[in-house]
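Overview (structure and organization)
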Amino acid sequence: MQIGLLTDSLSELTRAEALDTAVDLGVETVEIGLGGVHGGWSPAPHADLAELLDDGGARAGLARDVASRGLRLEAFNAAGNPLHPRHGERDAAVLRGALRLAQEFEVGTVVTMSGLPGYPGDTVPPWITTVWPPENLELLDYQWERAIDWWGPIAEEARARGVRIAVEMHANQLVYSVPGLLRLRDAVGDTVGANVDPSHLIWMGADPLAAIRALDGAIHHVHAKDTRIEDRAAVASRLETIPNPRTGERAWNYVAVGTGHPDGVDFWVRFIANLRLAGYDGPLSIENEDYTLGQRESVALAVETLRTAQHLEEVR
């Protein structure tokens, strides 16, 4: 597996600086975030979606910037909520644009999220995580019906363009766990698969290694991102609403890869081994949101951890 990088992790740098840093640190592939002012959740510091769609010169420039450094563009990221009751169309346009670009660049994967619909009249989508009160399940049935109706044509478009969609299991999305991912995949076809990001599964209480095993053959992409559960979780639970930068007050924190688990690199050795057993041999795309370290320092630590883990996994 190659070591990759979601370049949003170096958002403080220009595209040229971010790509140069990736090479300096030993990264082999890159994932580019899209959206920014055009919608979605990526700040898109290194690509302008509208410009890339409209301007062949801009597309050639991005391809040249990546290839001239010996890197490979392996995915576009179109994270957002395409089913949002107010700005869903905006985020859906980002996803459709990403599919077009992926075909144009001959990039096989677009990373996104399932989205979360509201009920008629809602302005904010409700995330249902309990069976009570009783209306929760009625709303959840409606959300699934709407999501499957929407995702069917999107999956067909992706298939026609020769692109796979990797859905990230994320909080405040309809698909936040393995059962939801497999339900969507069963409904719309295997063009849709998982983007395995262990960081979210960890704080929600799932075991990422068990999740990988359950997704055997259905993993399209992987984010290497880590979470540390803090002592405060024993009292506060893992349901957290304190903003991410206030790391000392939170029940859990996103941290640099390799610093989230008591066994350190050994978790990532087992992570990689389970990915291989599940049939995945694509990039490990580093995503960094550690608020206690500088961006370059966090990415460098992630590269070192993954490189060490790969070596240890190979010799065991």
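Bear in mind that the values here come from a model prediction, so they are computed numbers and not experimental data. (Residues numbered from 1 in each chain as written. Predicted model: local features only at pLDDT ≥ 70, side-chain atom pairs only at ≥ 80, totals over all residues. Heavy atoms only, no water.)

Secondary structure assignment for the protein yields eleven helices and ten strands. Its C-alpha atoms give the protein a radius of gyration of 19 Å, near enough to 20 Å, the size a compact globule of 316 residues would have. Principal-axis analysis of the C-alpha atoms places the extent of the protein at approximately 55 × 50 × 35 Å. The contacts in the protein between residues at least 6 apart in sequence include a share of 77% that link residues at least 24 apart. For the protein, the computed accessible surface area is about 13,300 Å², with 50% contributed by carbon and sulfur atoms. Counting 27 positive and 46 negative side-chain charges, the protein places the averaged centre of each group 1 Å from the other. (Helix = DSSP H or I, 4+ residues; strand = E, 2+ residues; numbered from the N terminus. Rg over C-alpha atoms; globule rule 2.2 N^0.38 Å. Contact = heavy atoms within 4.5 Å. Areas by Shrake-Rupley, 256 points an atom, 1.4 Å probe, with all protein chains shown as cover. Lys, Arg positive; Asp, Glu negative; His and termini not counted. Charge placed at Lys NZ, Arg CZ, Asp CG, Glu CD.)

Here Arg270 is to be found in helix 10 (residues 265-277). Taking the relative accessible area as the measure of exposure, Arg270 reaches 32% and is therefore partly exposed. Between the alpha carbons of Arg270 and Glu28 there is a distance of 22 Å; along the sequence they are 242 residues apart. When near neighbours in sequence (up to four residues on either side) are disregarded, Arg270 contacts Leu209 and Asp263. (Buried < 20%, exposed > 50% of the residue type's maximum accessible area, 1.4 Å probe, protein only.)

Once that is clear, we can look at the pairing of strand 3 (residues 72-77). The element strand 3 is extensively covered by neighbouring structure, given that five of its six residues are classed as buried. Across five bridges, strand 2 (residues 29-33) lies against strand 3 in parallel orientation. Bridge pairing in strand 3 places Glu31 opposite Ala75. Bridge analysis of strand 3 against strand 4 (residues 109-112) gives two bridges, and the strand direction is parallel. (Pairing = 2+ DSSP bridges.)

Residue position: Ala224 is located in strand 7 (residues 219-224). Separated by 147 residues in sequence, Ala224 and Asn77 have C-alpha atoms that sit 14 Å apart. Not counting chain neighbours up to four residues away, the residues in contact with Ala224 comprise Val257, Trp268, Ser285, Ile286, Glu287 and Leu306.

A few words now on the sheet that holds strand 6 (residues 192-196). The strand order around the closed barrel formed by eight strands is 1-2-3-4-5-6-7-10, and the pairing between neighbours is parallel. The mean angle between the axes of side-by-side strands here comes to 30 degrees, regardless of whether they run parallel or antiparallel. Here helix 11 (residues 295-315) sits on the sheet and contacts strand 1 (3-6), strand 7 and strand 10 (284-286); the angle it forms with strand 10, its principal contact strand, is near 160 degrees. (Axes fitted to C-alpha atoms, helices over the stretch in contact; angles between N-to-C directions.)

When the UniProt feature table is mapped onto this chain numbering, "domain: Xylose isomerase-like TIM barrel" (unreviewed entry) sits at residues 20-303. Counting secondary structure, residues 20-303 comes out at 42% helix and 15% strand; the distance between its end C-alpha atoms is 15 Å. (UniProt positions renumbered as here; feature names shortened; annotations may be inferred.)

If you walk through the whole model with that rule in mind, you get 15 salt bridges. Across the salt bridge formed by Asp266 and Arg316, the nearest N and O atoms sit 2.9 Å from each other. Pair noted here: Asp266 is in helix 10 and Arg316 is in the segment after helix 11, with a separation of 50 residues, a long-range link. Given a relative accessible area of 23%, Asp266 falls into the partly exposed group. (Salt bridge = Lys/Arg side-chain N within 4 Å of Asp/Glu carboxyl O.)

Looking now at unusual backbone geometry. In this structure, Pro133 follows Trp132 across a cis peptide bond, with omega equal to 5 degrees. Locating Pro133 in the fold gives a position in the loop between strand 4 and helix 5 (135-161). Phi at Glu106 takes a positive value of approximately 55 degrees, unusual for a residue other than glycine. Here Glu106 is to be found in the loop between helix 4 (88-105) and strand 4. Glu106 sits in the exposed class, given a relative accessible area of 74%.

It is worth spelling out the side chain of His261 at this point. Considering the arrangement of structural elements, one finds His261 in the loop between strand 9 (252-255) and helix 10. Contact partners of His261, with chain neighbours within four places excluded, come to Ile202, Asp226, Thr227, Phe267 and Trp268.

A few words now on helix 5. Taking 1.5 Å of rise per residue, 27 residues should cover 39 Å, and helix 5 covers 39 Å from first to last C-alpha, within 8% of that figure. A bend of about 25 degrees at Trp151 is the largest found in helix 5, and the proline Pro153 appears one to four places after it. Of all the residues in helix 5, the buried ones are Asn136, Leu139, Gln143, Trp144, Ala147, Trp150, Trp151, Ile154, Ala155 and Ala158. Buried residues along helix 5 sit against helix 4, strand 4, strand 5 (164-168), helix 6 (178-188) and strand 6. At the C-terminal side of helix 5, Gly162 shows a positive phi close to 75 degrees. (Expected span 1.5 Å × (residues − 1). Bend = angle between axes of the 7 residues up to and from the residue.)

In this section: the nonpolar core. Note on soluble globular proteins: their nonpolar side chains tend to be buried together. In this structure, Leu34, Phe76, Trp151, Ile219, Phe271 and Leu275 are the most contacted members of the largest nonpolar core, which totals 79 residues. Here this core takes eight residues from helix 4, the largest share from any one element. Core analysis: the second largest hydrophobic core is formed by six residues, Trp203, Ala233, Ala251 and Tyr254 among them. (Core = buried A, V, L, I, M, F, W, Y, C linked by side-chain atoms within 4.5 Å.)

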